[in-house]
Amino acid sequence: MLGLMMDSPLLVSTLLEHAESTHGSTEIVSRRCEGDIHRYTMKDAAGRARRIANLLARYDIQQGDRVATLAWNNYRHFELYYGISGTGAVLHTINPRLFAEQLVYIINHAEDRLVFVDLTFVPLLEAIQGQISGVEKFIILCDEDKMPDTSLANAHCYETLLAAESDQFQWPEFDERSACSMCYTSGTTGNPKGVLYSHRSTVLHALASVGEEVMGMASSTCFLPVVPMFHVNAWGTPYSAAITGAKQVFPGPGMDGASLWELIEAEKPDLLLGVPTVWLMLLNHMDSIGKKLDSVENVIVGGSAAPISMIRAFQEKHDAFLIHAWGMTEMSPVGTLNSHNKHMEALPLEERYQLQAKQGRPVYGVEMKIVDDNLQPLPRDGVASGRLLVRGPWIVNGYYKNEASDSFIDGWFDTGDVATIDEHNYLTIVDRSKDVIKSGGEWISSIDMENIAVGHPELTECCVIGVPHPKWDERPVLLAIKQPGSSLSEDDVKAYLDDKIVKWWMPDKVLFVEELPHTATGKLHKVPLREQYHDLLM
Ligand code: AMP
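Everything quoted here is computed from the prediction, not taken from an experiment. (Residues numbered from 1 in each chain as written. Predicted model: local features only at pLDDT ≥ 70, side-chain atom pairs only at ≥ 80, totals over all residues. Heavy atoms only, no water.)

*Asks:* Just to check I follow, could you spell out the domain arrangement of the protein for this structure?
*Replies:* Size of an interface, as often reported, equals the accessible area lost when the parts are brought together. In terms of domain boundaries, the protein breaks down into domain 1 (12–23 + 31–201), domain 2 (255–433) and domain 3 (437–532). Across the domain 2 to domain 3 interface the summed buried area is about 870 Å²; carbon plus sulfur atoms make up 47%. Counting across the domain 2 and domain 3 interface gives zero salt bridges. Applying the counting rule to domain 2 against domain 3 returns three residue pairs in polar contact (both at pLDDT 80 or more). Where the side of domain 2 that touches domain 3 is concerned, the elements lending two or more residues are helix H10 (276–289) and strand E21 (427–432). In terms of residue class, the side of domain 2 that touches domain 3 is built from six nonpolar, four polar and one charged. (Domains from an automatic or database assignment. Buried area = accessible area lost by both parts, 1.4 Å probe. Salt bridge = Lys/Arg side-chain N within 4 Å of Asp/Glu carboxyl O. Polar contact = N/O pair within 3.5 Å; in protein donor to acceptor, adjacent residues only side chain to side chain. Helix = DSSP H or I, 4+ residues; strand = E, 2+ residues; numbered from the N terminus. Nonpolar A, V, L, I, M, F, W, Y, C, P; charged D, E, K, R; others polar.)

*Asks:* Explain helix H3 (residues 75–87) to me, please; I cannot follow it from the model alone.
*Replies:* For the α-helix, the turn length of 3.6 residues means that residues three or four positions removed from each other point alike. Spanning 13 residues, H3 covers 19 Å between terminal C-alpha atoms, matching the ideal 18 Å at 1.5 Å per step. Taken across its 13 residues, H3 has 13 buried, putting it largely inside the fold. The N-terminus of H3 is capped by Asn74, whose side-chain oxygen sits 3.2 Å from the backbone nitrogen of Arg76. Taken from the residues just after H3, Gly88 is the one with a positive phi, measuring 105°. (Expected span 1.5 Å × (residues − 1). Buried < 20%, exposed > 50% of the residue type's maximum accessible area, 1.4 Å probe, protein only.)

*Asks:* How should the packing of helix H2 (residues 42–58) against H3 be read in this particular structure?
*Replies:* When two helices pack together, their arrangement is given by the angle between the helix axes and the distance between those axes. Contact geometry for H2 and H3: axes closest at 8 Å, N-to-C directions at 50°. As judged from the angle between their axes, H2 and H3 are oblique. The chirality of how H2 crosses H3 is right-handed. Residues Met42, Ala45, Arg48, Ala49, Ile52, Ala53 and Leu56 of H2 form the contact with H3, whose own contacting residues are Tyr75, Arg76, Phe78, Glu79, Leu80, Tyr82, Gly83, Ile84 and Thr87. For the contact of H2 with H3, the residue count by class is 11 nonpolar, two polar and three charged. (Axes fitted to C-alpha atoms, helices over the stretch in contact; angles between N-to-C directions. Parallel < 35°, antiparallel > 145°, perpendicular 65-115°, else oblique. Left-handed = near helix turned anticlockwise from the far one by under 90°. Contact = heavy atoms within 4.5 Å.)

*Asks:* How should I be thinking about the packing of helix H1 (residues 12–23) against H3 in this particular structure?
*Replies:* As a packed pair, H1 and H3 sit with axes 8 Å apart at the nearest point and diverge in direction by 130°. In terms of axis orientation, H1 runs oblique to H3. The way H1 lies across H3 gives a crossing that is left-handed. On the side of H1, the interface is formed by Val12, Ser13, Leu15 and Leu16, while H3 contributes Tyr82, Ser85 and Gly86. When grouped by side-chain class, the residues that make up the contact of H1 with H3 number four nonpolar, three polar and no charged.

*Asks:* I keep staring at unusual backbone geometry and nothing clicks. Help me out?
*Replies:* Working note: non-glycine residues mostly have negative phi, and peptide bonds are mostly trans. Residue Ser332 is joined to Pro333 through a cis peptide bond whose omega torsion reads 15°. At Asn154, a residue that is not glycine, the phi angle is positive and equals roughly 65°. In this structure, Asn154 sits in the loop between strand E6 (137–141) and strand E7 (155–157). In this model, Asn425 sits at a positive phi of 75°, which is unusual for a non-glycine residue. With respect to the element layout, Asn425 can be found in the loop between strand E20 (412–421) and E21. Under the relative-accessibility criterion, Asn425 is labelled partly exposed at 26%.

*Asks:* Please explain the nonpolar core as it appears in this structure.
*Replies:* One broad trend across soluble globular proteins is that nonpolar side chains are buried collectively. Within the largest apolar cluster, 88 residues are counted, with the highest numbers of intra-cluster contacts made by Phe78, Tyr82, Phe116, Tyr239, Ile300, Leu337 and Leu388. Among the elements that make up this core, the one with the highest residue count is H2 (eight residues). Two domains each donate at least three residues to this core, and these are domain 1 (12–23 + 31–201) and domain 2 (255–433). Dropping the residues within four chain positions of it, Tyr82 is found in contact with Val12, Leu15, Leu16, Ala49, Trp171, Pro238, Tyr239 and Ala242. Grouped together as the second largest cluster of nonpolar side chains are 55 residues, Leu125, Cys222, Leu260 and Tyr400 included. (Core = buried A, V, L, I, M, F, W, Y, C linked by side-chain atoms within 4.5 Å.)

*Asks:* I keep staring at the sheet that holds strand E5 (residues 114–118) and nothing clicks. Help me out?
*Replies:* Note on sheets: strands pair through backbone hydrogen bonds, and any given pair is parallel or antiparallel. Taken in spatial order, the seven strands line up as E7-E6-E5-E3-E4-E8-E9 in an open sheet, and their pairing is mixed. Both outer strands of the open sheet, E7 and strand E9 (194–198), are each paired with one neighbouring strand and no more. Sheet twist, expressed as the average angle between the axes of neighbouring strands with direction ignored, equals 25°. Strand direction decides the pairing type here: strand E3 (residues 66–70) and strand E4 (residues 90–93), joined by four bridges, are parallel. (Pairing = 2+ DSSP bridges.)

*Asks:* Whenever I open this one, the packing of aromatic side chains confuses me. Can you help?
*Replies:* What characterises a pair of aromatic rings is the spacing of the ring centres plus the angle enclosed by the ring planes. With the rule as written, the count across this model stands at 12 aromatic pairs. Between Phe408 and Phe413, the ring centres sit 5.5 Å apart and the planes meet at 50°, which makes this aromatic pair tilted. What links up through ring pairs into an aromatic cluster is the set Phe78, Tyr81, Tyr82, Tyr239 and Phe250. The lysine or arginine in question, Lys137, covers the ring of Tyr59, its NZ or CZ lying 4.6 Å from the ring centre. One residue, Lys193, lies across the ring of Tyr399, its end atom 5.6 Å from the ring centre. (Phe/Tyr/Trp six-rings, centres within 6.5 Å; stacked < 30°, edge-to-face > 60°. Lys NZ or Arg CZ within 6 Å of the ring centre and 35° of its normal.)

*Asks:* Could you clarify how one ought to interpret the sheet that holds strand E12 (residues 271–274) in this entry?
*Replies:* One open sheet accounts for nine strands, arranged E2-E1-E11-E10-E12-E13-E14-E15-E16; its pairing is mixed. Each having just a single partner strand, strand E2 (37–41) and strand E16 (361–362) make up the two edges of the open sheet. Here four bridges tie strand E13 (residues 298–301) to strand E14 (residues 321–327), and the two strands are oriented parallel to one another. Each bridged residue has a counterpart across the sheet, and for Val301 the counterpart in E14 is His324. In the packing of helix H13 (residues 349–356) onto the sheet, contacts are made with E14 and strand E15 (334–338), and the angle to E14 comes to roughly 25°.

This is how it looks when you write it as structure tokens:
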């Protein structure tokens with residue numbers, strides 16, 4: 001027997017309609033590319049999203065057509081999220097940190113018809129325009145008087161176009177399983193693969209991630225998403241903000257410590273979201289000016305592992321709780337969060353930090369398991385580690401255009417991460433499966449060692465790679481960046497690690513480097529390092 005409930009489709013336009021009627025006066029604050037601070041309300045955003053919809057209709061954009069953005073976190077990007085997806089077109093957020101040839105590849109692969117672009121990124125498109133001839137128009141996100149002198153053919157001014165459109169539009173109703181947005185993974189090998197989110201998956205993901213022991217968002221929340229809207233939809237926050245009416249403070253291009261602090265001091269957000277590298281910059285800046293992040297209560301950190309030194313610095317210097325999160329592009333992205341709860345509160349501080357360093361527990365909707373290489377389930381004892389498989393309604397079921405992949409296994413998605421799960425369902429990421437180091441048949445976690453090493457006050461970033469070794473198969477080598485002026489030696493670093501890791505984990509070499517390579521999403525890129533140091537220990 002079927003239930004007797006209405007079957008209203010879960011469409012992202014319904015989020016915006018809710019936000020406008022329920023949280024219409026909620027403020028949205030942005031630092032613009034032009035340098036100034038812009039303010040408007042959720043009601044203003046909704047009106048402008050409807051103007052975008054009318055503009056797309058004028059350009060004959062049909063349901064399912066791909067429309068791209070190349071933009072920072074700001075109000076224009078926010079209204080485009082809704083304006084594009086709301087019509088049934090597919091919002092393709094492009095990561096500007098990709099190499100030129102990857103940009104060409106994904107714009108052509110997605111068959112983007114229009115690209116909405118922030119001023120900063122116009123030169124990126126000028127350089128490749130001869131290779132992306134399928135794009136019909138470039139719409140530059142600025143006022144008429146800020147229009148750059150561009151070589152882009154068919155470039156138009158966003159504000160001029162919007163001013164000519166009506167703010168009346170009836171959002172269409174269609175199948176909730178229709179594609180809503182897409183984002184390409186920035187894999188370390190091979191071409192990027194397109195992940196296509198649906199309206200249903202996006203709304204369910206937003207609903208599941210707002211709860212008190214998840215992202216903890218309410219109408220009283222003011223949050224600063226530093227995690228980019230061009231990479232996995234800023235962890236779904238543009239949608240959860242519409243559900244809750246939380247105030248958004250967008251940092252625009254100002255991702256450095258000083259610019260972030262200026263915005264935090266002025267707008268007083270209580271929740272920050274971003275990757276560890278960004279918080280390292282902010283924490284260093286706060287140390288250098290001797291100030292405290294007074295308004296901040298919670299910092300959600302994901303994308304890479306949050307080291308204990310960061311958990312401690314936020315807590316002890318700023319009274320802010322670090323919520324460790326794990327997810328991936330293929331998961332919309334939220335998988336697990338390690339939020340504050342009663343059990344944690346009761347723990348002695350050092351034990352609590354150890355628990356916070358785990359990646360957390362799955363949000364409702366995400367199932368996870370660890371398996372061995374024969375796909376046999378491993379125990380949830382916090383010790384056994386294996387391949388991490390996930391499934392759920394906002395987890396990818398295939399790549400765009402059926403791009404081949406061996407990640408799909410009997411209804412589960414193989415994350416490519418190696419992890420442990422404990423009896424309370426806390427996940428700990430041990431490594432990327434390709435980065436794990438195998439020494440004499442035993443596993444060494446490069447992530448664990450990096451997190452311990454970066455706790456040294458004179459090291460700013462650390463990277464551990466496995467290097468071929470004639471006797472042990474592979475041995476760890478630590479590459480580290482020192483604080484300016486530090487005279488730290490290899491022996492000093494080894495002495496620091498000595499009582500913190502088991503003896504056989506000790507890196508065979510510690511090398512000091514000026515910089516470390518990162519992927520387009522800011523993660524350590526170990527492939528070129530493994531090539532560079534391949535013969536170091538032979
Ligand atoms: P992306 O799809 O670019 O967001 O990358 C997803 C990958 O980032 C995951 O599969 C993990 O390897 C890594 N990752 C994300 N969050 C964390 C975290 N909190 N700790 C360790 N690794 C993480």
